[in-house]
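An overview of the molecular structure
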Amino acid sequence: MLDLIIRNARLAGDKDGLKDIGCKDGRIAVVESSLEAKAKEEFDAEGYLLTAPFVDSHFHMDATLTYGRPRVNQSGTLLEGIALWSEVKPLLDAEDIKSRAHQLCRWAAAKGTLAIRSHVDICDPSLLAVEALLEVVKEVEPYIDLQLVAFPQDGFFRDPQAEELLVRALDKGVHVVGGIPHFERSMEDGSRSVTALCELAAERGLMVDMHCDESDDPHSRHIEMLARETSRLGLQGRVTGSHLTSMHSMDNYYVSKLIPLMKEAEINVIANPLINITLQGRHDTYPKRRGMTRVKELAEAGLNVACGHDCVMDPWYSLGSHDMLEVASMGLHVGQMTGQAEMMEMFRSVTENGAKTLGLEGYGLEVGCNADFVILQAKNEIEALRLRPARLRVYRRGKLLSSTPKQSATVYWGDVTADVDFTL
Ligand code: FE2
């Protein structure tokens with residue numbers, strides 16, 4: 001007897017008709033069409049799309065849901081956001097950080113996102129946020145995989161205490177080494193920070209994920225050093241360049257050299273479309289640059305490209321509900337990726353490509369994978385991107401974690417009453 005069977009689901013990435021998924025002991029035990037077995041609990045997906053959970057590869061859990069504290073970022077710029085964050089930080093305490101993180105994780109679960117990589121600012125001698133979020137990692141583990149990156153937000157060398165604090169954060173159990181080379185005082189300091197941080201990760205057997213070249217300056221080229229150090233230290237596949245917005249503005253000839261270097265180092269790329277379309281190009285009049293990294297070209301070159309939400313209602317971004325389909329939708333619009341294969345790639349950028357970046361184990365819809373999945377009120381991935389529909393059911397380890405009723409409108413059209421659900 002199985003624990004759970006989902007019947008008549010259209011599996012993401014599978015074109016062979018409807019399938020039934022049987023789960024036992026928190027794992028997927030069988031995937032078949034017309035499964036004969038019985039289970040304690042069954043659910044009919046009615047032909048709707050079933051996908052492995054959404055993955056948010058880049059987030060800031062310490063700052064989220066602080067909108068309006070102590071004031072709102074009126075200009076919407078990165079610089080006002082940084083100034084505002086330094087006003088928010090002294091107001092935080094552990095309980096506040098934890099309760100906001102739990103609230104955000106519940107939002108994520110309701111939207112079908114069951115893995116989040118969050119950067120945490122380590123430039124605070126008390127490491128308040130690090131300790132609070134390490135507790136949250138354990139508390140949400142039954143529901144969400146939360147991975148933390150030690151982020152020297154004020155600069156690894158620029159903040160005189162950051163080097164020591166970052167090591168302390170790693171000693172406490174933070175999972176990934178962060179960095180922010182473009183924010184150091186000079187290009188040379190930025191390069192040295194990349195080397196020092198990659199060496200630290202290599203010594204400790206950790207992954208790396210740096211905020212890298214989040215700038216409109218085409219000469220911000222720290223990604224080159226990140227790729228070089230990744231190859232030199234044998235860290236291929238374990239290093240991520242987040243944002244990489246300067247690539248938007250770089251000279252095309254230089255990029256034709258850079259992308260193969262990144263490929264050689266198997267760099268994971270994370271774009272944050274909602275945030276970078278908002279923050280970049282602010283010094284431009286017109287034409288105004290979009291400022292998202294070259295998602296289409298990087299994916300075409302075979303790099304693993306994921307997307308992150310980055311912010312929800314914090315000093316840098318006043319909007320958001322933590323919906324990874326909104327992120328992918330913005331990404332495909334900004335990157336002009338409206339071809340079918342390109343839209344499918346953007347769906348993967350918030351699912352399996354994110355899982356690869358985070359190194360998640362047991363992710364997917366094959367037999368033996370964790371019984372974690374989401375049923376959407378859409379017939380396929382492209383319809384999901386178009387409608388950003390209700391997440392009808394979200395399962396974690398074979399147990400129901402969230403449910404949302406089917407959504408439709410009733411239109412009173414003269415003598416006709418019509419139900420509208422925006423499908424053809
Ligand atoms: Fe970020």
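Structural notes, computed from the coordinates. (Residues numbered from 1 in each chain as written. Predicted model: local features only at pLDDT ≥ 70, side-chain atom pairs only at ≥ 80, totals over all residues. Heavy atoms only, no water.)

1. Examining the coordination of the iron ion
- Note on the iron ion: its protein donors are His-58 (NE2), His-60 (NE2), His-211 (NE2) and Asp-310 (OD). The metal-donor distances range over 2.2 to 2.5 Å.
- Note that the iron ion binds four donor atoms; their angles at the metal cover 81 to 170°, and the shape is irregular.
- For the iron ion, the donor residues sit on a single chain with the sequence spacing H-x1-H-x150-H-x98-D. Here His-60, found in the loop between strand S6 (54-59) and helix H1 (78-88), pairs with His-211, found in strand S10 (residues 207-212); they are 151 residues apart in sequence, far enough to count as distant.
- Taking relative accessible area as the criterion, His-60 reaches 7% and is therefore assigned buried.
- His-211 sits in the buried class, given a relative accessible area of 2%. (Donors = N, O, S within 2.8 Å, 3.2 Å for Na, K, Ca; no water. Tetrahedral: all angles 85-135°; square planar, octahedral: opposite > 155°, others 65-115°. Helix = DSSP H or I, 4+ residues; strand = E, 2+ residues; numbered from the N terminus. Buried < 20%, exposed > 50% of the residue type's maximum accessible area, 1.4 Å probe, protein only.)

2. Some details on the nonpolar core
- Counting 98 residues, the largest nonpolar core has Ile-122, Leu-226, Met-262 and Ile-267 as its most contacted members.
- Domain assignment of the residues forming this core places at least three in each of domain 1 (2-52 + 364-409) and domain 2 (54-358).
- With sequence-adjacent residues up to four places away left out, Ile-122 is seen in contact with Leu-127, Val-130, Ala-150, Phe-151, Pro-152, Ala-162, Leu-165, Leu-166 and Ala-169.
- Residues Leu-4, Ala-9, Leu-50 and Ala-355 belong to the second largest nonpolar core, which totals 24 residues. (Core = buried A, V, L, I, M, F, W, Y, C linked by side-chain atoms within 4.5 Å. Domains from an automatic or database assignment. Contact = heavy atoms within 4.5 Å.)

3. Observations regarding the packing of aromatic side chains
- Using the criterion set out here, one finds four aromatic pairs in the structure.
- Note on Phe-156 and Phe-157: the rings are 5.1 Å apart at their centroids and 50° apart in plane angle, and the pair reads as tilted.
- Assessed through its relative accessible area of 4%, Phe-156 is described here as buried.
- For Phe-157, a relative accessible area of 21% gives the class partly exposed. (Phe/Tyr/Trp six-rings, centres within 6.5 Å; stacked < 30°, edge-to-face > 60°.)

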